[in-house]
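Survey of secondary and tertiary structure
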Amino acid sequence: MVKVATPKLDRARVARTALDLLDETGLEGLTLRAIAQRLDVKAPALYWHFKDKQALLDEMATEMMRRMGEEFLAAPAADWREALTDAMRRMRGQLLRYRDGAKVFSGTQYTDLSYAAPLEAFLRTLVAAGFTPGAAARAWFTVYSYTIGYVIEEQATGPDEGGHDLAARAERLAAYPLAAAAGEEMFRGHDRGFETGLAAVVAGIGATLLTSGE
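Residues numbered from 1 in each chain as written. Predicted model: local features only at pLDDT ≥ 70, side-chain atom pairs only at ≥ 80, totals over all residues. Heavy atoms only, no water.

What about the nonpolar core?
Ranked by internal contacts, the top residues of the largest apolar core, which has 57 residues, are Ile 35, Met 60, Trp 80, Leu 95, Phe 105, Phe 131 and Ile 205. If you tally residues by element for this core, the top one is helix α8 (residues 133-157), at ten residues. Those residues in contact with Phe 131, other than ones at most four positions away along the chain, are Trp 80, Leu 126, Ala 136, Ala 139, Ile 205, Leu 209 and Leu 210. (Core = buried A, V, L, I, M, F, W, Y, C linked by side-chain atoms within 4.5 Å. Buried < 20%, exposed > 50% of the residue type's maximum accessible area, 1.4 Å probe, protein only. Helix = DSSP H or I, 4+ residues; strand = E, 2+ residues; numbered from the N terminus. Contact = heavy atoms within 4.5 Å.)

What follows is the structure, encoded as structure tokens:
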């Protein structure tokens, strides 16, 4: 009988398996035990690689960043507004590929330097446009935080045709007509809503953080 070699169990393989399983279980249902079952190993074997679930999430986010690498390693547009806007559009698209993808990405610490080259390139673009290094960092983190937060809400409320029952919501809020009407803007048209909000954030960055010209 020919013995079939099994792939080595390492952090990257566990993270890839966890990302595959994420679409089935969501973040709440993703456990080290479930991942171990998928890998056909005992759960304690995973603790050699990850001390807890947060350590696993850090590796999963890093794997997601590695997969984004090709897009983010492309040279940013020369115009800082276009560079930030394009980057966040791409990031949103990548996060939406995974169930609860933005929740996985949020608050994690990367386990390698796969993020460093694209971040450096974007910061250089901002500094070249007149931002101080500190303001460039704040600009990047502000637009990044907007994107992560938007996608968390987008994935939590579901697609445009699902999620909130806006008719029922409007009925409950009949005494508050502006709040009732706001549902259509907040919970429908995710693509349009993201673009509108992103434009507002980028304009605000230019108005408050850019101090030395265009």
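Overview of the packing of helix α5 (residues 80-95) against helix α11 (residues 190-208)
Two elements in contact, α5 and α11, have axes separated by 10 Å at closest approach and are oriented at 145°. Relative to α11, the crossing made by α5 is right-handed. Along the contact surface, α5 presents Trp 80, Arg 81, Leu 84, Thr 85, Met 88, Arg 89 and Arg 92, while α11 presents His 190, Asp 191, Phe 194, Glu 195, Leu 198, Val 202, Ile 205 and Gly 206. The residue makeup of the contact of α5 with α11, split by class, is seven nonpolar, three polar and five charged. (Axes fitted to C-alpha atoms, helices over the stretch in contact; angles between N-to-C directions. Left-handed = near helix turned anticlockwise from the far one by under 90°. Nonpolar A, V, L, I, M, F, W, Y, C, P; charged D, E, K, R; others polar.)

A word on the pattern of salt bridges
For the coordinates displayed, the defined rule picks out 13 salt bridges. Residue Glu 24 is joined to Arg 38 by a salt bridge in which the shortest nitrogen-to-oxygen separation is 2.9 Å. With Glu 24 in helix α1 (residues 11-29) and Arg 38 in helix α2 (residues 32-39), this residue pair connects regions lying 14 residues apart in the sequence. On the accessibility criterion, Arg 38 (41% relative accessible area) is partly exposed. Note that Glu 195 and Arg 89 form a salt bridge whose closest N and O atoms lie 2.9 Å from each other. With Glu 195 in helix α11 and Arg 89 in helix α5, this residue pair connects regions lying 106 residues apart in the sequence. If you follow the salt bridges from partner to partner, you end up with Arg 11, Glu 59, Glu 63, Arg 66, Arg 67 and Asp 112 in one network. (Salt bridge = Lys/Arg side-chain N within 4 Å of Asp/Glu carboxyl O.)

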